Every structure is written in structure tokens, then in C-alpha cells.
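Here's the letter readout for the chains.
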Amino acid sequence: RVRRAELATALLVGALMPGASEVLFIAERAIATGLSALIIGAVPLWVVLLRTFGGDRPPAAAPGGVVVGFAGLAILVRPGGGSPLWALLIVVGSSVMWATGSFLSSRLPMPADSFAATSIEMLAGGAILLPIGLLTTHPHFSDFSARSIFGWCYLVTAGSLVGYTAYVWLLDNAPLGTVATYAYVNPIVAVALGALVGGETISSRVVVAGAVIIAGVIVIVRAKK
């Protein structure tokens, strides 16, 4: 059973977090996968800011980690870096949406059952995104390929049913700072796969910015046990 307040929170989080994924997909048509993953990896930086504005007192080292992390973001999204600025800003917005959804889920009443919460969030996100997808694209069966079908099935199973459910469960059962440690690994894996599978080029700017962002995240997460 889900109370009205819990239902409202789950619907809001569903609009933010699955919605962030859709925004990210739009931007990734114009920028490299690894680059977008590095920007998304800055979610813990936004979480620290949201918690600070929400009245929390972060550990003394956390503000320094935020400064370092945003310095890395500035390197990534600076004009003239080879990627369109509009796409980079969209990815930053996606990162903020995901962080906001994570923050609100830890502050507002949520369904006690993590699987119920995941289901409501997915339904809310799908209800918002489906009409947008139908209005902006007109796919035909001839456009489908074995590769695109496999990619879709992988995102549905590993990305949504497994990955997102695990993330929502962790938000309900572990400290937010601990959950944010995924930001250590995701960008590194995405950059590596983008180069190995997608043939993307890893520039020195991406390497430097990625190292700076990850360093900032490490400082923030390690500042609080």
C-alpha cells in the first residue's frame, strides 16, 4: 500500500531521474559517450550542494572536493572544446536532474517497498517520455537492426530492470554518500567502452578533466564515512 505523499514523491522522482536519461540520450547524439559519462559522474558534486542548501553541514573537506570537481567540469564544457556547447549544457542539466531526484528520494516520504517505488518511478517517467518520443521521432521497422534491437534490450534489462532497481534500493538502504561511489567507476568504464566499441577518441582534455572530476568526487565521498 502506498500513501498519497509517497506516491507524489515517487512520481516526482520518476519525472526527474528517468527524465534525466532521456535528456542525456538527446545530447549523446552530438557528443561522445565517454565525455557525457564524465559530466554525469559529477552527480555527487550536485548532491553536496543540494544537501548544503537543504540545511546539512557537509564535512570540512567536501567544499574543496566540490571546487575541484567543478573545475574539471569547466574544462570539459569550455567553448571551443570540439563538442557543441548546447549538448554539453544539456548533459549538465541531466546530471542536475539525477542528483535532485536522488536528493529528494532521501528527504521526502517514499514507498516502503523499493520495488514498488521503482515501478511507480518507471511508469511516471515512461508516461512523460513516451509522447515526447512519438512526437519527435517517426521510426519504421526498416530502421531496426540487430545491433539496435540488442542495445534496446540491454538498456531495458541491465540498465532499467537491474541497474535502476538496484540504485533505488540502495538509496533506501545505504547512505547517499556511499551510493554516490558509483561515480568512481561509471565514467572510467564509459570512456573505455566508447574508445573500444564506439571508436571514440580520448583527447588529453578529456583525460585531464576526467581525472580532476574523479578526484573531486573521491574527496567528497571519503570525507564522510
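Not measured: the values here are computed from a predicted model.

Scoring rules and cut-offs
Residues numbered from 1 in each chain as written. Predicted model: local features only at pLDDT ≥ 70, side-chain atom pairs only at ≥ 80, totals over all residues. Heavy atoms only, no water. Buried < 20%, exposed > 50% of the residue type's maximum accessible area, 1.4 Å probe, protein only. Helix = DSSP H or I, 4+ residues; strand = E, 2+ residues; numbered from the N terminus. Contact = heavy atoms within 4.5 Å. Patch = residues over 30% accessible without salt bridge, like charges linked within 9 Å, V, L, I, M, F, W, Y side chains within 5 Å. Areas by Shrake-Rupley, 256 points an atom, 1.4 Å probe, with all protein chains shown as cover. Salt bridge = Lys/Arg side-chain N within 4 Å of Asp/Glu carboxyl O. Phe/Tyr/Trp six-rings, centres within 6.5 Å; stacked < 30°, edge-to-face > 60°.

Q: What is the right way to read helix H2 (residues 33–40) from this model?
A: Since one α-helical turn is 3.6 residues long, residues separated by three or four positions face the same way. The buried fraction of H2 amounts to 7 of the 8 residues, a majority that puts the element mostly inside the structure. Every buried residue of H2 is accounted for by Gly34, Leu35, Ser36, Ala37, Leu38, Ile39 and Ile40. Lining the buried residues of H2 we find helix H1 (4–27), helix H3 (43–53), helix H4 (62–77), helix H5 (85–107), helix H9 (182–196) and helix H10 (204–223).

Q: Before we go on, may I ask you to explain a nonpolar patch on the surface in this structure?
A: A surface patch of nonpolar side chains, about 490 Å² in accessible area, is lined by Val185, Val189, Leu193, Leu196 and Val197. Examined against the element boundaries, Leu193 turns out to sit in helix H9. On the accessibility criterion, Leu193 (46% relative accessible area) is partly exposed.

Q: Would you explain the packing of aromatic side chains in this entry?
A: Per the stated rule, a full pass over the model turns up 4 aromatic pairs. On the basis of an interplanar angle of 75° and a centroid distance of 6.0 Å, the ring pair of Trp98 and Tyr164 is categorised as edge-to-face. Linking Trp98 in helix H5 with Tyr164 in helix H7 (residues 146–173), this pair joins segments that are 66 residues apart in sequence. For Trp98, a relative accessible area of 16% translates into the label buried. Both rings, one in Trp98 and one in Tyr167, keep their centres 5.3 Å apart while their planes meet at 50°; by these two values the pair is tilted. In this pair, Trp98 sits in helix H5 while Tyr167 sits in helix H7, placing the two residues 69 residues apart along the sequence. A residue is classified by how much of its surface remains accessible, and Tyr167, at 11% relative accessible area, is buried. Ring pairing ties together the aromatic residues Trp98, Tyr164 and Tyr167, which thus form one cluster.

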